[in-house]
Every structure is written in structure tokens, then in C-alpha cells.
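In case you want the letters, here they are:
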Amino acid sequence: MELLGYIIEQTINGLQLGAVYALIALGYTMVYGVLRLINFAHGDIFMLGAFIAYFLITKFGMPIYLVFIITMLSTGLAGYLIEKIAYKPLRNAPKISLLITAVGVSLFLEYFLSLNALFTPNYIAFPRPFEIESYDFALFTVTNIQLLIFLITFVSLFLVYLLVYRTKYGKAMRAVSYDREVASLMGIGIDGIISFTFIVGASLAGLGGILYGIAYPQINVFMGIMPGIKSFIAAVLGGIGIVHGAVLGGFIIGLLEVFVSAFISSTFRDGLIFIILLLVLILKPSGIFGKRIEKV
Amino acid sequence: MKKYVVIFFLLFFIANISYAKDTIKIGLITPLTGDVKTYGESARNAFVIALEEYAKKGKYTIEPVIADDKNDPTEGANAALKLITQDKVIAISGPLTSKVTIPVSDIANKNRIPMVTGTATNPKVTIYEGKRKPYIFRACYTDPFQGTVAANFALNELKAKTAAVLYDVGNDYSKGLAEFFKATFIKGNGAIVAYESYQKDDVDFSALISKIALKKPDIIYLPDYYNKVALIARQVREKGLKSTLLGSDGWDSPELMKIAGNAIIGGYFTNHYSPDRKDPIADAFIKRYKEKHGAVPDAMAALGYDATMILLKAIDSVKKPTQEEIMKYLSSLKNHKGVTGNIGFDKNGDAVKSVVLLKVEKDKVKYMTTINP
């Protein structure tokens with residue numbers, strides 16, 4: 001009985017982590033879908049979200065719902081600008097140039113923002129916008145922060161699902177991801193769709209950043225690197241370019257991380273996650289939901 | 001040609017004249033940015049105060065060179081090389097954390113630069129593979145002692161029967177303390193019910209804490225720096241775990257309470273010094289520090305001050321301040337009256353000193369007791 005409670009509690013821990021990974025992985029996967037680009041700066045937009053939320057709370061004392069809205073709008077704008085400035089001029093260049101630029105943008109954000117005049121390279125305490133409460137059930141405990149994370153993640157995942165599969169924009173996005181040239185011949189504004197995808201992806205990463213800051217109240221400019229890489233692995237695991245694959249991948253990685261720490265040892269955790277990346281790439285490069293094999 | 005020779009000799013003379021002022025360069029390596037920046041700021045403030053005091057009555061003009069190690073071993077090693085080869089310092093005060101001090105001390109020792117660290121507690125700072133690094137000294141006690149005191153305190157004072165240990169596997173300081181604590185706790189018939197490690201950049205400890213919560217230990221030992229400890233403490237309390245938290249000198253920072261909030265209240269930690277201890281030298285230092293920096297100095301400041309003062313004392317006490325003379329003087333230093341107590345070096349270059357036990361309370365850290373070696 002005790003073991004059951006333990007497993008339930010660890011599952012909740014894993015879902016909490018997985019929810020954040022799923023939010024970030026969505027951005028990776030959507031951008032890959034329309035542009036065939038792995039946007040390595042995505043993890044840093046996640047970091048940007050956490051910092052913007054931090055400033056909104058501490059400097060302006062904003063109520064939490066406004067913090068969510070403004071942060072998501074700002075990271076969305078950041079995503080838009082990054083695409084316009086760094087990726088659009090290279091749209092017809094070889095794929096490798098785009099990839100290198102993405103790495104460059106990522107490093108630029110990390111090191112430029114770590115200047116003392118901007119965000120500083122220090123670790124900063126993220127303010128809790130509300131008091132934490134834990135609810136003790138017979139077998140396990142849940143905190144209000146975990147519940148908030150689940151609620152917000154599931155609502156936004158549902159909205160993204162509606163957006164991609166039930167709206168005109170979503171249809172256009174899927175068309176672009178299927179075949180960009182033909183889609184443009186059919187009268188779809190490619191640039192607009194790509195910008196739109198970046199905005200949606202970046203605001204989801206920003207949302208992930210706020211939730212992460214609330215859950216683990218300490219932020220710094222390099223905080224986006226590991227979650228970024230793990231979400232990328234989640235997207236690959238689920239099948240890159242596939243929306244529900246990214247979500248499933250995120251939860252699998254989150255649960256796996258927690259269960260490896262819980263039953264083996266936390267020192268094995270990251271190594272094992274990377275082994276999964278290798279195995280997926282060797283055995284089924286298209287991921288869990290992938291059908292056709294992509295040429296990379 | 002003749003003209004150049006004349007100019008050359010003139011330049012040589014000018015150079016010699018400026019040397020006649022007897023300027024000595026001393027380096028400070030400390031983390032001014034990054035995850036433990038409050039330590040570095042405290043140490044730098046103390047370093048400045050020490051030099052100001054020296055300037056009043058010292059024999060030489062001291063030119064300080066301050067370098068930021070970001071609490072990163074590579075950055076620290078680069079800073080040390082720069083201080084030694086480019087700035088030509090003759091002695092180094094610092095660094096602060098063990099993981100940076102171990103590589104830096106290797107470099108300083110190889111280049112025969114006397115170095116006194118205020119706060120690096122890991123044994124490997126002064127000893128490498130059983131061999132003493134003769135140029136390296138420290139103004140604090142070592143981790144075997146600190147870990148032992150913490151374990152004995154848990155056993156005898158807190159009457160703990162079971163303990164969990166959670167440490168950073170990539171950090172010599174954290175890992176060393178965890179090992180020494182574990183060994184002593186087991187020797188005292190206590191049971192270590194969980195011995196878990198995490199990695200430097202981890203922020204999610206929920207899996208490990210759920211694992212520990214299953215065992216409900218009396219004590220959770222957290223030998224790490226304040227920012228990690230604060231995060232862990234929060235997550236421990238959020239899981240509804242009531243165990244007493246116990247830690248090491250890495251806890252000593254005003255940031256601890258800021259990040260951890262109520263979660264850390266009731267925790268105990270071993271430290272080098274408490275501002276509550278009454279002592280004329282300490283009181284004078286605390287007063288000066290408060291005047292200049294508007295805060296009560298923490299242990300990092302007190303030890304940084306002591307380390308620098310020991311170096312300055314050595315420079316003034318020897319006939320000619322060469323690196324070797326300073327080293328020789330330090331090797332035989334006994335009974336230096338410092339802010340953190342009387343400091344003398346043993347054969348390993350480690351200070352033999354007492355440990356102070358502190359308790360975290362709502363608005364301050366309270367002095368509990370002093371334990372002598």
C-alpha cells in the first residue's frame with residue numbers, strides 16, 4: 001500500500017515536470033513542422049519568459065493573470081523578432097546555415113542577457129505570487145502549484161489542439177508543413193503562417209518559463225539549456241513535427257526522469273535520457289507517431 | 001645607437017625609482033557573479049577593509065588585483081594564471097569555494113605563490129594525493145571536522161536516530177561533507193536511511209524528496225550552498241516532510257531566507273563564526289564593516305578578512321617580502337588573533353579552530369554553541 005502511494009506521488013512529480021517539457025516541446029515541433037528548423041533558441045525564450053515574469057511581479061507588482069498574459073505576449077513578440085531577424089534572411093540558404101544560426105541566437109541570448117547591465121549572470125529568487133498549500137491525501141500529497149501547472153498546461157494544450165486542427169490558421173499551418181511550395185501555390189501566405197507559428201510556439205515557451213519559475217523559485221540566464229534539450233528530445237521521441245507527439249514525448253521524458261531518480265539513482269537520469277535520444281534516432285527516427293521517414 | 005643606450009638606461013632608472021616605492025601586488029580571487037555571488041561580495045568587502053587598515057600602518061603600498069571566478073573551476077584557474085603571469089602578484093587571498101580553490105591552489109603552488117583561502121574547507125585544497133602543497137594555507141577548519149561535528153550534534157543534541165543525506169555529486173565540498181557526516185553518524189549508531197545525490201543544475205528534487213519522505217528520517221543533512229539548500233528546503237516542506245534540516249557553512253548567506261522563506265526556519269548549520277560572539281577584535285571589525293557596507297558581516301566576510309590580514313602580517317613580518325619568505329613565515333604562524341578566533345596553521349597548512357553551531361530563526365540566525373576540536 002505504501003509502495004502504491006509512493007508510485008502515485010512520483011507519478012505526480014513526473015507529470016509536473018513533463019507538463020513543462022510538453023509546453024516547450026510544442027514550440028520545437030511546430031517550428032520544425034513549418035520550417036524544417038530545429039530552433040535551438042527555444043530554450044532561451046523559455047528563460048526569457050521566466051525573467052519577464054520576474055520583472056513584472058517584482059518591479060510592477062502585477063496581479064498574476066496579467067503577468068501570464070503580458071509575459072506570453074512578450075515572448076511571442078521575441079519569437080516573432082527572432083524569426084524576422086535571424087531566420088527569414090536565410091530562408092533559401094542550406095539547412096545547415098539555419099541550424100548554425102539557431103545555435104548562434106541561443107548563445108547570443110544567453111551571454112548577452114547575462115551582462116550585468118541586463119539580467120546579470122546571478123541566480124535570482126523568483127517571487128511566489130501566492131502562498132503554497134499542500135493537500136495531504138491518505139497515500140500522497142499534492143500542492144496547489146502542481147494543480148495550477150496541470151490545469152494551465154492541459155487548458156493550453158487543448159487550445160493548441162483546437163488551433164491546429166479546428167481553425168483556418170491551423171489548416172494552413174498543416175498545409176505548409178506538408179508541402180511549403182504547393183501550399184503557397186494554393187494561395188497561403190507562407191511568411192504570415194511561419195511568423196504565426198513562431199509567435200504561438202514562443203508564447204508557449206514563455207508560459208512554461210513562468211510555471212517553472214513558480215515551481216522551482218530560482219532563475220538564471222542559463223536555466224533554459226537543459227529543459228530546452230530535454231524538450232527537444234521529447235519532440236524527437238514523439239515524432240518531430242507532430243503536435244500530439246510532442247505532448248506525449250514531454251510527459252514520457254518527465255515521468256522517466258522522475259522514475260529513474262526514484263528507483264535507480266539520479267546520477268543515471270540525464271545519461272538515460274540521452275540514450276533514449278540515440279535509440280529513437282537509430283531505431284525509429286520518425287518518432288512514436290511518425291509515419292514517413294524524414295530526410296534530415 | 002648611443003642615444004638609444006642612454007634612453008635605455010634612463011628608462012631603467014625610472015623603472016627602478018618606481019620600484020623604490022615598494023609597491024606589492026596582492027590578488028583576490030572570488031565569485032562576484034553566479035550562483036554564490038553573495039559570498040564573493042562579502043569577501044571582496046572584507047578584503048577592501050583589510051587593505052585600508054593595512055594602509056594606515058603597513059610598510060608597503062599594496063596594489064590589489066581583484067578577479068571574478070564565477071564559482072567556476074575553469075574561470076578560477078584562468079583568473080589565477082592571469083594574476084600570476086600578467087599582473088605578477090606575489091600572494092593570493094581566496095578563492096572561496098572548495099571546487100574552485102582546489103584547481104587554483106594547484107596552480108598557485110606550482111608557481112610558488114603563497115595563497116591563503118578564507119573558506120575552502122575540502123581537504124584536497126592543501127593536500128594532493130597525500131602530499132602537502134607547501135604554498136597553500138587556509139584560515140578555516142576542514143570538512144572532516146565540520147562533518148563530524150554536524151553528525152555528533154545530530155546524535156547527541158538533537159537525539160536523531162535516522163538521517164537522510166542529499167548532496168551535489170559534482171561538488172567536492174558537498175560530496176566530502178556528505179561522506180564525513182555519513183561515516184560519523186553510522187559510527188555513533190545512527191542509521192543513514194537515504195543517501196542521495198543530485199547534479200549542479202538540478203532544480204527539481206521532487207523525486208528524491210518523495211524517496212526520502214518514505215523513510216521519514218529525523219534529520220536531513222544538506223551540505224551545499226545557500227541557493228541549492230533553499231530550493232531543496234522549500235520542496236521538502238511542500239511534500240509535508242517535518243524532518244529537521246541540518247547543514248554546513250555553505251548556508252551562511254542573507255539570500256538563504258529570501259529564497260527559502262519559512263521552509264528553512266528551525267534548521268541548524270555549522271559555521272566558522274557568529275557575530276553574536278563577544279570579542280574586541282571581532283567587534284571592531286563588525287563595526288567597521290557595518291559603517292562601510294551597511295550590513296552585518298557573514299562568515300565569508302570574517303574569514304576573508306582574516307585570510308587577507310594573515311597575508312599582510314606575513315608581508316610585514318619578513319625581512320624582504322619574497323614569495324618564499326612569506327611561505328616560510330606562514331608555515332610557522334601560531335596564534336594570530338583573528339575575527340574568527342585564534343588562527344595557527346598545523347603541518348598541513350590548515351587552521352585549527354572551533355566550530356560554531358547556529359540555528360535559523362524567523363528573522364535571524366541564533367548562536368547555539370561552540371565546539372572545540
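Residues numbered from 1 in each chain as written. Chains lettered and ligands numbered in written order. Predicted model: local features only at pLDDT ≥ 70, side-chain atom pairs only at ≥ 80, totals over all residues. Heavy atoms only, no water.

Draft legend 1. Broad picture of the overall build of chain A. Check the secondary structure of chain A and you find 11 helices and 4 strands. The globule rule puts the C-alpha radius of gyration for 296 residues at 19 Å, and the 19 Å found for chain A is close to it. With respect to the three principal axes, the spread of C-alpha positions in chain A is 60 × 45 × 35 Å. Within chain A, the fraction of its 296 residues that count as buried is 56%. Within chain A, contacts between residues separated by at least 24 positions form 75% of all contacts whose residues are at least 6 apart in sequence. (Helix = DSSP H or I, 4+ residues; strand = E, 2+ residues; numbered from the N terminus. Rg over C-alpha atoms; globule rule 2.2 N^0.38 Å. Buried < 20%, exposed > 50% of the residue type's maximum accessible area, 1.4 Å probe, protein only. Contact = heavy atoms within 4.5 Å.)

Draft legend 2. Expanded view of the interface of chain B and chain A. Facing the 27 residues of chain B at the interface are 30 residues of chain A. Across the chain B to chain A interface the summed buried area is about 2,600 Å²; carbon plus sulfur atoms make up 50%. Of all residues in chain B, D204(B), L214(B) and E238(B) give up the largest surface area on contact with chain A, accounting jointly for 20% of the area buried on that side. Applying the counting rule to chain B against chain A returns 2 salt bridges. E238(B) is the partner of R128(A) in a salt bridge, and the nearest nitrogen-oxygen pair spans 2.9 Å. If you list the elements that add at least two residues to the side of chain B that touches chain A, you get β9 (191-198), α7 (206-215) and α8 (226-238) of chain B. Each residue belonging to the side of chain B that touches chain A can be placed in one class, and the counts come to 9 nonpolar, 8 polar and 10 charged. (Buried area = accessible area lost by both parts, 1.4 Å probe. Salt bridge = Lys/Arg side-chain N within 4 Å of Asp/Glu carboxyl O. Nonpolar A, V, L, I, M, F, W, Y, C, P; charged D, E, K, R; others polar.)

Draft legend 3. Fine view of the nonpolar core. Ranked by internal contacts, the top residues of the largest apolar core, which has 152 residues, are Y87(A), F181(B), F185(B), L246(B), W251(B) and I264(B). If we ignore the near neighbours within four places in the chain, the residues touching Y87(A) are L37(A), N39(A), A41(A), I82(A), L98(A), T101(A), A102(A), V105(A) and F198(A). F47(B), V116(B), A139(B) and Y289(B) belong to the second largest nonpolar core, which has 39 residues in total. (Core = buried A, V, L, I, M, F, W, Y, C linked by side-chain atoms within 4.5 Å.)

Draft legend 4. Geometry of the layout of surface pockets. Here the second largest pocket defines a volume of roughly 860 Å³. Surrounding the second largest pocket, 34 residues form its lining, Y123(A), N220(A), F222(A), K200(B) and D201(B) being those nearest its centre. Looking at the lining of the second largest pocket element by element, the count peaks at 4 residues for helix α9 (residues 225-238) of chain A. Taken together, the residues of the lining of the second largest pocket break down into 14 nonpolar, 6 polar and 14 charged. (1 Å grid on protein atoms, 1.4 Å probe; cavity = no way out; pocket = protein on both sides within 12 Å on 5 of 7 lines; lining within 4 Å. Points joined across faces, edges and corners; volume = space filled by probe spheres on them.)

Draft legend 5. View of the confidence of the model for chain B. Scored by pLDDT, chain B has a mean of 90; 94% of the residues are at 70 or more. Scoring of the predicted complex yields 0.83 for pTM and 0.83 for ipTM. (pLDDT = per-residue confidence, 0-100.)

Draft legend 6. Structural context of the pattern of salt bridges. Residues and elements named next belong to chain A. The full count for this structure, using the stated rule, is 25 salt bridges over all chains. Among the ionic pairs, R91 bridges to D191, the shortest N-O distance being 2.7 Å. Taken together, the residues R91 in the loop between α3 (64-87) and α4 (95-113) and D191 in helix α8 (residues 190-215) connect sequence positions 100 residues apart. The buried category is assigned to R91, whose relative accessible area is 16%.

Draft legend 7. Focus on the sheet that holds strand β8 (residues 162-168) of chain B. All names here are of chain B. Strand order in this open sheet of 7 strands is β9-β8-β10-β11-β12-β15-β16, and the pairing throughout is mixed. Edge positions in the sheet fall to β9 and β16 (365-371), since each has one partner strand and no second. Adjacent strand axes in the sheet meet at a mean angle of 20 degrees, parallel and antiparallel pairs treated alike. Sheet topology places β8 next to β9; 7 bridges connect them, and they run parallel. Counterpart to A163 in the pairing with β9 is I192. Relative to β9, α7 is tilted by about 175 degrees, and along the sheet it contacts β8, β9 and β10 (219-222). (Pairing = 2+ DSSP bridges. Axes fitted to C-alpha atoms, helices over the stretch in contact; angles between N-to-C directions.)

Draft legend 8. Representation of the sheet that holds strand β7 (residues 136-138) of chain B. Residue and element names in this part refer to chain B. Spatially, the 5 strands line up as an open sheet ordered β2-β1-β3-β4-β7, and their pairing is parallel. At either end of the open sheet lies a strand with only one pairing partner, and these are β2 (61-68) and β7. Averaged over all adjacent pairs, the angle separating strand axes in this sheet is 20 degrees, with direction ignored. Seen against the sheet, helix α4 (residues 98-110) touches β1 (23-30), β4 (115-117) and β7 and runs at an angle of roughly 165 degrees to β4. Helix α11 (residues 299-317) contacts β1, β2, β3 (91-93) and β4 of the sheet and is inclined by roughly 160 degrees relative to β3.

Draft legend 9. Representation of empty space enclosed by the protein. Under the criterion given, the structure shown has 6 cavities of 30 Å³ or more. Quantified by volume, the largest cavity comes out at close to 140 Å³. What lines the largest cavity is a set of 14 residues, among which Q16(A), Q146(A), Q235(B), E238(B) and K239(B) lie closest to the centre. For the lining of the largest cavity, the secondary structure elements donating two or more residues are β3 (141-143) and α5 (144-166) of chain A together with α8 of chain B.

Draft legend 10. Focus on the packing of aromatic side chains. This model, assessed by the stated rule, comprises 29 aromatic pairs over all chains. Consider the rings of Y39(B) and Y226(B), whose centres lie 5.1 Å apart with planes at 75 degrees: the pair is edge-to-face. Of the two residues, Y39(B) sits in helix α2 (residues 37-57) while Y226(B) sits in helix α8, which places them 187 residues apart along the sequence. For Y226(B), a relative accessible area of 2% translates into the label buried. Through a chain of ring-to-ring contacts, the aromatic side chains of F51(A), Y54(A), F55(A) and F119(A) assemble into a single cluster. Its end group placed over the ring of F137(B), R132(B) keeps NZ or CZ at 5.0 Å from the ring centre. (Phe/Tyr/Trp six-rings, centres within 6.5 Å; stacked < 30°, edge-to-face > 60°. Lys NZ or Arg CZ within 6 Å of the ring centre and 35° of its normal.)

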